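# Understanding the architecture of this molecule
Chain residues, written in single-letter form:
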Amino acid sequence: MLVWINGPFGGGKTQTAFELRRRLPGSVVCDPEMVGFGLHRTMPPELRGDFQDLPAWRQGVFEVLDLVLRKHDGPVIAPMTVVNRAYFAETVGRLRENGHDVKHFSLLASRDTVLERLRERSLIRLGLRGDTFAAANVDRCLDALRHSEFAEHIQTDHIDITDVADRIAASCGLTLAPNTDGPLRARLRRAGVGIRHIRF
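These remarks concern the structure in this document. (Residues numbered from 1 in each chain as written. Predicted model: local features only at pLDDT ≥ 70, side-chain atom pairs only at ≥ 80, totals over all residues. Heavy atoms only, no water.)

## Remarks on the overall build of the protein chain
- Regarding its fold elements, the protein chain presents nine helices and five strands.
- For 200 residues, the compact-globule estimate of 2.2 N^0.38 gives 16 Å, and the protein chain sits close to it at 16 Å.
- Its C-alpha atoms put the protein chain at 45 × 40 × 30 Å along the principal axes.
- Put simply, of all contacts in the protein chain between residues at least 6 apart along the chain, 79% involve residues at least 24 apart.
- Each charge sign in the protein chain was given a centre, from 28 positive and 25 negative side chains, and these centres are 4 Å apart. (Helix = DSSP H or I, 4+ residues; strand = E, 2+ residues; numbered from the N terminus. Rg over C-alpha atoms; globule rule 2.2 N^0.38 Å. Contact = heavy atoms within 4.5 Å. Lys, Arg positive; Asp, Glu negative; His and termini not counted. Charge placed at Lys NZ, Arg CZ, Asp CG, Glu CD.)

## Let's talk about the sheet that holds strand E1 (residues 2-6)
- Sheet architecture is open: five strands sit in the order E2-E3-E1-E4-E5, paired in parallel fashion. In this open sheet, the two strands that pair with only one neighbour each are strand E2 (28-29) and strand E5 (153-155).
- By the bridge criterion, five bridges tie E1 to strand E4 (residues 102-108) in an arrangement that is parallel. Pairing of Leu2 across the sheet is with Val102, part of E4. (Pairing = 2+ DSSP bridges.)

## A short note on the nonpolar core
- Leu2, Trp4, Leu65, Val76, Val82 and Leu95 are the most contacted members of the largest nonpolar core, which totals 33 residues.
- Secondary-structure elements contributing two or more residues to this core are E1, helix H3 (55-71), strand E3 (76-79), helix H4 (85-97), E4, helix H5 (111-124) and helix H7 (138-145).
- If one sorts the elements of this core by residue count, H3 sits on top with six residues.
- For Leu2, the residues in contact, after removing those within four places along its chain, are Leu65, Leu69, Val76, Ala78, Leu95, Asp101, Val102 and Lys103. (Core = buried A, V, L, I, M, F, W, Y, C linked by side-chain atoms within 4.5 Å. Buried < 20%, exposed > 50% of the residue type's maximum accessible area, 1.4 Å probe, protein only.)

## What to know about the environment of Leu174
- Here Leu174 shows up in the loop between helix H8 (161-172) and helix H9 (183-196).
- Remark: the alpha-carbon pair of Leu174 and Ala135, spanning 39 residues in sequence, is separated by 33 Å.
- In contact with Leu174, not counting residues within four places along its chain, are Met1, Val3, Leu24, Pro75 and Ala169.

## Description of the side chain of Ser27
- Residue position: Ser27 is located in the loop between helix H1 (13-23) and E2.
- Classification of Ser27 as buried rests on a relative accessible area of 12%.
- Polar contacts involving the side chain of Ser27 include one to the main-chain carbonyl oxygen of Leu24, which spans 2.7 Å. (Polar contact = N/O pair within 3.5 Å; in protein donor to acceptor, adjacent residues only side chain to side chain.)

## Some words on the packing of H1 against H8
- Running from amino to carboxyl end, H1 crosses H8 at an angle of 65 degrees, the nearest separation of the two axes being 9 Å. Here H8 runs roughly perpendicular to H1, going by the angle between their axes. Crossing angle aside, the handedness with which H1 passes H8 is right-handed. From H1, Gln15, Thr16, Glu19, Leu20 and Arg23 reach across to H8, where they touch Ile161, Thr162, Val164, Ala165, Asp166, Ile168 and Ala169. (Axes fitted to C-alpha atoms, helices over the stretch in contact; angles between N-to-C directions. Parallel < 35°, antiparallel > 145°, perpendicular 65-115°, else oblique. Left-handed = near helix turned anticlockwise from the far one by under 90°.)

## A closer look at the environment of Ala135
- Tracing the backbone through its elements, the reader meets Ala135 in helix H6 (residues 132-136).
- For Ala135, a relative accessible area of 29% puts it in the partly exposed group.
- Measuring from C-alpha to C-alpha, the distance between Ala135 and Arg111 comes to 9.5 Å, with 24 residues separating the pair along the chain.
- With near-sequence residues (within four places) excluded, Ala135 lies in contact with Leu115 and Leu118.

Here's what the structure looks like:
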């Protein structure tokens, strides 16, 4: 099974993915963003636009996830914002057409909630980089993801990452290990995930 977690930038996709991996034995996180970063690193800076516009990214994501789904004995979790319907069809759609069991979720929240989370993310990342691109694309992402094509939708304004992971697992028919984190440990764990995913 592939669990694709969509949502606006700063919407909690990566945190949810690693919460699922932590509590779901045998699962693995495969981040499609890494394919894009690899492509960018082969290009001079002035040519680095949105890597999703590169056919190589869409093809690469399909091939990597297709391989992992065929070879890995356990759930595969992919946290990635994709709001372009054509690109969604070339990745999620092709994987489904290839016979894979793909569960797709869009994490939604109000504009104010997403912007607040982006501010918190910038603080966690010690101010090393801003989230101007993410903030500038909040409305575009939220508007696109509300379309039925991007269901299943989970409204996350008033629930935390643990609850989001629980809802995804229940919808997929997956059994998570009990959450034994206290508030402080959960906060430290999530800060660690945020720091490990700083993009330079």
